[in-house]
Amino acid sequence: MNYAMSLDYQSCIDCKACEVACKEENGVQLGADKQRIWVTQIEKSIFGQPFVALHPSQCNHCLDAPCVDVCPTGSSYFAEGGIVMTDKDLCILCKGCMEACPYDARFVDDTHVAVDKCSFCYETRLVHGEVSTACQATCPTKVRLLGDIDDEESDLVKMLKERKFYVLKEEEKTVPKLFYLLPEHDDYYAMNSVDPDTKIYTWDTFKPIIEKAKAKRKPQWKKIIL
Amino acid sequence: MKVELSRRKFLQGSVALSVLGGSLASVPTLWAKEKPSSNNTIVATLCEMCVNKCAAFAYVEDGIVKKLNPNPLFPKSKNMLCARGDAGIHALYDPDRLKYPLIRIGKKGSGEFKRATWDEAYEAILHGTDKFQGLKQILDEEENNRSTIGFCAGEGMGEHTYKQFMGDLLGSKNFINHSSICLQTTIAGYTLTLGSYGKADLENANYVIMAGANRAEAILTPDTMDMFKRTRGRGLKLIVLDPRYTNTAIHADKWLGIKVGTDLAFVLALTYVVIKEVLYNKDFVEKNVDHFETYKKHILTNNYTPEWAEKITGVDAHEITKIARDFMANAPRAVYYQGRRTAWSKQDFQLRRAQAIFTALGGGIDVKGGIVFGKKLYLHSHSVEVPTYTTNKRRIDRNEASIVGKNGTWIGFRNMIVEDRTPYPVRAFFSYKQNPMQSVPNVAKTKTMLEKMDLVVTIDTMPSDTVMMSDVILPECTYFEREDPVKSFGGTQPAIVLRNKVLDPMYETKAVFDILKGLSEKISRPLFDIAAKYDEYIQEEIEDSGADAIYEDDGYNFNNAYEQTQEEINEEIITSTYGEEAYETLKEKGVFYPNMDKYFKKISENEYQYYPEDKKYYTTPGGEKIDVQDTCIDEKAIAALKKNLGTRSGRVECYLSSMIKKKVDPMPVWRDELYSEAPKGMFKFITGRDAKHTQNSTTNNIMLLDIMKENYLWINKAQADEKGISHGDWVSVKSSIGEVKIKAYPTIKIIPDVVFYVHGFGSESTGLTFGHRNGASDNLIIEDTVETVFGSAAMHETVVDVRKV
């Protein structure tokens, strides 16, 4: 099992259902800056006409995550299933992981006095045998799809074989596992803030990158401590 | 440290007490009363955070609702919960909830109340206190004219129960609801033109014009969400007309920043192009459109050309021509979306008529991808014995507009009272689940109306601005704490749903059904005695049969309406038509429709099938489905089949002759005198919704405040720059009736000369710890202008001045 997520982000309407479902499901601290997941709004104009691109996002559960490397206590760790987890008891709030994360996916949870971030609803859902996250389940337009990228027959891999996609900040070489599905028609690329520099992947071109990172990091995958 | 009374101790204590009391309480009864200390259950409920009633599962642990998840079984809500639905738990556990009945002891509106028992509250309603009068005195003085009691209700599954009590049993004719501040003009416009408001089949439409409607933000109706999976080259072309670039416009192929209040000119020009170029579905028009030739002549002779419309709307004439052609090329799978809250302009009724006729010209009526009527699963209604009074006068506002229906005109009704124009005194006012202090334009007048009342009673869950103006407050429980009347939802994939009770009511709250039952016990007989004193018809009946017999048998004893519990009524309604099994399905799963076990299928983690494609009710002339899936005729031909619409002629009505005597145009006409631009330097003010809050009902919800705490004034970036206004600056927004201060949001997403902020914020109630005075209330500045056909509010006719403070 190697959990990953695709996002058909052009269907997003910025209704924030995912943000609320996440907070309710996982007991995330209240506060606008305390978010495990979020929707980024990019507001621009083309020839004076406004356009908005919406990017729902969260922890990328990078296969080669820098947040784990910088953690001095082992609080951040690679867990079975390819999830980047945090052990709150071990966190000393040095915030090194928050600096290291290229996605700003982490924040200080004052209620647990520890850094918090998305866990793909491991504690609340996956451990009980569920196969979707709270954000996926609640979404009115079903942007997200959680799945197993090690399973060629999973709905997720089938989707990635059909659709082109890109990942965020790939130059950081963290091998992120949130796959942003591109519009089927490239007429709509600009409106979805896909520019000429965006590196576009297919399953065949991205799979070797996953394999390589997995070979490097899988030995570090630990059993999840709840 | 947790102190627990053990099960054994509890039983011993209880048994001992009952023995001492000499009662014969059996052991099983005691067992039933005690709740197991550890009990995890999942209850199928229906959301009530807005009006859509999405199906949800409530996860209950040890008697506490821990999480809400979407219930995928309901075809209408299709496995979704929005932000508000997810945050429903905080409506249940809101610390500011109304917890017990309250009786006013200070000045009206002062917020000084005393805690009361239910009996004391009912007693106060009947007899009054030293601060306010009771129903008995009021009705005695008004000689049993029950219409002296005005009453309003917000939308909800309890609305009918309340209306039945106030209108049918108590006997008042003066009912008002949200209709005239919401969707009255569009419902009426479509019903009079097409026979029904119908439903836009956005799952299958290939071309949609959405004007002013904002499905992505304004009341997120789940059955329209599928549209956003098909925009941007994925099958559905979306044209959005709106002065604002909304989240719906984000998905549009074309966004046109139309000038406020000019939509009718746009639709008439579309119609002109289609008629001039003969692009309409001729077969459909011939078979199904009445008075088409008259309409055609009317459109052409009035010269509603795209060039004419460009001058009024600001939309390029070429664009209008192109949209008209594209629309017809995609018809019948082409819809001009009906709209929801359409209380916009003085010309709104004619706008909706023009839209409906325009859609019909493409044949997109009663057909897949067009406006569909679908099917509704039958549920028999629960009837109660209704009393007769001859003393009750007709509703006061019936002449406030050309056509005033049973839902009244809020502004007309209120203004008559405020301006002392009523034909008889309206002295008491009951409000259920509505907050007119925030939802009706011109708050100052609503306040005056409530101040003039000798008795104000409110039934609600939260201390809203209206509740604070009450004499007696009756706390309702939230939707988690009651079973509501079973409901059937029509459509292409019809279903029946039940809101099951998740928990017993908290504090001393009650379901509205039980509140009215309790009130009936208190007031039924005393009010009958007053009726008997003044009503000659009742006096004659009493002479024949005796007072007690008349009281009991002819509906004057309201208690008879509440003999069965809501649960019993639901069980009877469901089992009588669909059998025991259907009832059990509803109790367990919340949703039922025939063949659900066969039809409902999970396709993937994100997709479900509710009905197989060939079983969906797309085309239902006269309410009966016709099977068009097996035939290979083309869609334009299917659309052109003879329909039997619910209008008087059974056809699409272009010309409503019945309107003439009501001094309403029989056909949509653009009237220059009903439109004006904002004077130079001033702005037209528009209001609207946001996906994160439901009108004014969620602004104390901590989870939703977390994602949206207050509203901002949208102002065109260039105009804000001219005025030196930057993001977050405080500005004053002033109209002829009021002034607010609010933070500014300069943006390119709104056209010049228009400003906007979201409705619902700016509550003045000190009872709302978190929602108190966040942002500004729109109705403090919106003038009480009405459109004259239905007396519906025209909320987008107010001109404001904006300056930095």
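What counts as what
Residues numbered from 1 in each chain as written. Chains lettered and ligands numbered in written order. Predicted model: local features only at pLDDT ≥ 70, side-chain atom pairs only at ≥ 80, totals over all residues. Heavy atoms only, no water. Core = buried A, V, L, I, M, F, W, Y, C linked by side-chain atoms within 4.5 Å. Buried < 20%, exposed > 50% of the residue type's maximum accessible area, 1.4 Å probe, protein only. Helix = DSSP H or I, 4+ residues; strand = E, 2+ residues; numbered from the N terminus. Domains from an automatic or database assignment. Contact = heavy atoms within 4.5 Å. Polar contact = N/O pair within 3.5 Å; in protein donor to acceptor, adjacent residues only side chain to side chain. Pairing = 2+ DSSP bridges. Axes fitted to C-alpha atoms, helices over the stretch in contact; angles between N-to-C directions. Parallel < 35°, antiparallel > 145°, perpendicular 65-115°, else oblique. Left-handed = near helix turned anticlockwise from the far one by under 90°. Nonpolar A, V, L, I, M, F, W, Y, C, P; charged D, E, K, R; others polar. Phe/Tyr/Trp six-rings, centres within 6.5 Å; stacked < 30°, edge-to-face > 60°. Lys NZ or Arg CZ within 6 Å of the ring centre and 35° of its normal. Salt bridge = Lys/Arg side-chain N within 4 Å of Asp/Glu carboxyl O. Buried area = accessible area lost by both parts, 1.4 Å probe. pLDDT = per-residue confidence, 0-100.

(A) Representation of the nonpolar core within the structure. Residues and elements named next belong to chain B. Judged by nonpolar contacts, the single largest core of 162 residues is most densely connected at Ile 209 and Phe 266. If you tally residues by element for this core, the top one is helix 9 (residues 263-276), at 11 residues. The residue makeup of this core includes at least three contributed by each of domain 3 (184-375 + 628-662) and domain 4 (676-804). Residues in contact with Ile 209, not counting those within four places in the same chain, are Ile 239, Leu 241, Phe 266, Leu 270, Ile 323, Phe 327, Val 335, Tyr 336, Tyr 337 and Phe 358.

(B) Main features of the side chain of A:Asp64. All names here are of chain A. Mapped onto the elements of the fold, Asp 64 is located in the loop between strand 3 (49-58) and helix 2 (66-70). Classification of Asp 64 by relative accessible area gives buried; the value is 15%. A polar contact of 2.8 Å, which involves the side chain of Asp 64, links it to the side chain of Lys 216. A polar contact of 2.6 Å, which involves the side chain of Asp 64, links it to the side chain of Arg 217. Beyond its immediate sequence surroundings of up to four residues, Asp 64 is in contact with Phe 78, Lys 173, Thr 174, Val 175, Lys 216 and Arg 217.

(C) Spatial organisation of the pairing of strand 10 (residues 178-181) of chain A. Residue and element names in this part refer to chain A. The alternating pattern of strand 10 places Leu 178 and Tyr 180 and Phe 179 and Leu 181 on opposite faces, both of which are buried. Bridge count between strand 1 (residues 3-7) and strand 10: 3 bridges; the pairing is parallel. Note that in strand 10 the partner of Leu 7 across the bridge is Tyr 180. Strand direction decides the pairing type here: strand 9 (residues 165-166) and strand 10, joined by 2 bridges, are antiparallel. Residue pairing in the sheet places Phe 165 in a bridge with Leu 181 of strand 10.

(D) Region of interest: the packing of helix 15 (residues 410-418) of chain B against helix 17 (residues 443-452) of chain B. All names here are of chain B. Taken N-terminus to C-terminus, the directions of helix 15 and helix 17 make an angle of 55°; their axes are 9 Å apart at the nearest point. Here helix 15 is positioned oblique relative to helix 17, judged by the angle of their axes. The handedness of the crossing between helix 15 and helix 17 is left-handed. On the side of helix 15, the interface is formed by Trp 410, Phe 413, Arg 414, Asn 415, Ile 417 and Val 418, while helix 17 contributes Lys 445, Thr 446, Thr 448, Met 449 and Lys 452. Classifying every residue of the contact of helix 15 with helix 17 by side-chain character gives 5 nonpolar, 3 polar and 3 charged.

(E) Spotlight on the packing of aromatic side chains. Residue and element names in this part refer to chain B. One pass over the structure, following the stated rule, counts 41 aromatic pairs over all chains. For the pair Phe 349 and Phe 790, a centre-to-centre distance of 5.2 Å together with 75° between the ring planes defines the contact as edge-to-face. With Phe 349 in helix 14 (residues 348-361) and Phe 790 in the loop between strand 28 (754-758) and strand 29 (799-804), this pair connects stretches of sequence that are 441 residues apart. Phe 790 gets classed as buried once you look at its relative accessible area, which sits at 6%. Ring centres of Tyr 599 and Tyr 611 lie 5.5 Å apart, and the angle between their planes is 50°; on these two criteria the pair is classed as tilted. A residue pair is termed long-range when its members are at least 10 positions apart, and Tyr 599 in helix 22 (residues 596-599) and Tyr 611 in the loop between strand 22 (607-609) and helix 23 (635-639) qualify at 12 residues. Take Tyr 599 and Tyr 611: they sit in the same class, and that class is buried. One cation-aromatic arrangement involves Arg 352 over Trp 344; the distance from NZ or CZ to the ring centre is 4.4 Å. Looking at Lys 510, its charged tip hangs above the ring of Trp 118, at a distance of 4.5 Å from the centre.

(F) Focus on the pattern of salt bridges. What the rule picks out here adds up to 68 salt bridges over all chains. Measuring nitrogen to oxygen at the nearest pair gives 2.7 Å for the salt bridge that ties A:Glu152 to A:Lys161. The partly exposed category is assigned to A:Lys161, whose relative accessible area is 45%. For the salt bridge of B:Asp397 with B:Arg395, the shortest nitrogen-to-oxygen distance reads 2.6 Å.

(G) Geometry of the interface of chain A and chain B. Every contact between the two is made by 46 residues of chain A and, on the other side, 42 residues of chain B. With both sides pooled, the region where chain A packs onto chain B buries about 3,600 Å², and carbon together with sulfur makes up 54% of that total. Sorting the residues of chain A by area buried against chain B places A:Ile13, A:Glu24 and A:Pro50 first, and these three jointly supply 17% of that buried surface. Across the contact surface, chain A and chain B share 3 salt bridges. Here B:Asp706 and A:Lys23 are joined by a salt bridge, their closest N and O atoms 2.5 Å apart. Our enumeration of links across chain A and chain B arrives at 20 residue pairs in polar contact (both at pLDDT 80 or more). No other element matches helix 1 (residues 17-26) of chain A, which puts 7 residues into the side of chain A that touches chain B. Split by residue class, the side of chain A that touches chain B holds 20 nonpolar, 12 polar and 14 charged.

(H) Representation of the sheet that holds strand 26 (residues 730-734) of chain B within the structure. All names here are of chain B. Taken in spatial order, the 6 strands close into a barrel running 24-28-25-27-26-29, and their pairing is mixed. Each strand of the sheet is rotated relative to its neighbour by a mean of 45°, with strand direction disregarded. Examined bridge by bridge, strand 24 (residues 683-688) and strand 29 share 2 bridges and lie antiparallel to one another. Residue pairing in the sheet places Phe 683 in a bridge with Val 800 of strand 29.

(I) Geometry of unusual backbone geometry. Omega for the peptide link from B:Ala331 to B:Pro332 comes to 10°, which places this bond in the cis form. Considering the arrangement of structural elements, one finds B:Pro332 in the loop between helix 13 (317-330) and strand 13 (334-336). At A:Lys16, a position not held by glycine, the phi torsion is positive, near 70°. Secondary-structure assignment places A:Lys16 in the loop between strand 1 and helix 1. For A:Lys16, a relative accessible area of 13% gives the class buried.

(J) Focus on the pairing of strand 5 (residues 83-86) of chain A. Residue and element names in this part refer to chain A. Of the two faces of strand 5, the one lined by Ile 83 and Met 85 and the one lined by Val 84 and Thr 86 are each fully buried. Bridge analysis of strand 4 (residues 76-79) against strand 5 gives 4 bridges, and the strand direction is antiparallel. Looking across to strand 5, one finds that Phe 78 is bridged to Val 84. Here strand 4 folds back onto strand 5 in antiparallel fashion, the turn holding 3 residues, of which Gly 81 has a positive phi close to 90°.

(K) Expanded view of the sheet that holds strand 1 of chain A. Overall, mixed pairing links the 4 strands, which are arranged 8-1-10-9 (chain A) in an open sheet. In this open sheet, the two strands that pair with only one neighbour each are strand 8 (144-148) and strand 9 of chain A.

(L) Representation of the domain arrangement of chain B within the structure. All names here are of chain B. Partitioning chain B into domains gives domain 1 (1-34), domain 2 (102-172 + 381-489 + 504-562), domain 3 (184-375 + 628-662) and domain 4 (676-804). Computed over C-alpha atoms only, the centres of domain 2 and domain 4 are separated by 32 Å. Listed as interface residues are 20 residues of domain 2 and, on the opposing side, 28 residues of domain 4. Both faces combined, the contact of domain 2 with domain 4 buries some 1,700 Å², and carbon together with sulfur accounts for 53% of it. Where domain 2 meets domain 4, there are 2 salt bridges. Between domain 2 and domain 4 we count 19 residue pairs in polar contact (both at pLDDT 80 or more) in total.

(M) How the structure looks around the confidence of the model for chain B. Residue and element names in this part refer to chain B. Confidence in the prediction of chain B, expressed as mean pLDDT, is 92, and 93% of residues score 70 or more. In the model, residues 1-37 has pLDDT below 50 throughout and makes 12 contacts with residues more than four positions away in sequence or in other chains. Here residues 628-632 is modelled with pLDDT under 50, and outside its nearest four sequence neighbours on either side it reaches 4 contacts, counting other chains as well.

(N) Structural detail: the environment of B:His251. Secondary-structure assignment places B:His251 in the loop between strand 10 (237-241) and strand 11 (254-256). Taking C-alpha positions, B:His251 is 33 Å from B:Thr785, a pair spaced 534 residues apart along the chain.

(O) Here's a closer look at helix 7 (residues 159-169) of chain B. Residue and element names in this part refer to chain B. The buried count for helix 7 comes to 8 of 11 residues, which makes it a mostly enclosed element. Those residues of helix 7 that are buried are in contact with strand 6 (149-153), strand 7 (175-177), strand 15 (428-432), strand 16 (455-460), helix 18 (512-534) and helix 21 (566-589). The first or second residue beyond helix 7 is Gly 171, which carries a positive phi of 100°.

(P) Representation of the packing of helix 9 of chain B against helix 12 (residues 306-313) of chain B. Residue and element names in this part refer to chain B. Orientation of helix 9 relative to helix 12, taken along the N-to-C sense of each, is 170°, at an axis distance of 9 Å. With respect to helix 12, the axis of helix 9 lies roughly antiparallel. For the element pair helix 9 and helix 12, the recorded crossing hand is left-handed. Residues Ala 265, Phe 266, Leu 268, Ala 269, Tyr 272 and Val 273 of helix 9 form the contact with helix 12, whose participating residues are Pro 306, Trp 308, Ala 309, Ile 312 and Thr 313.

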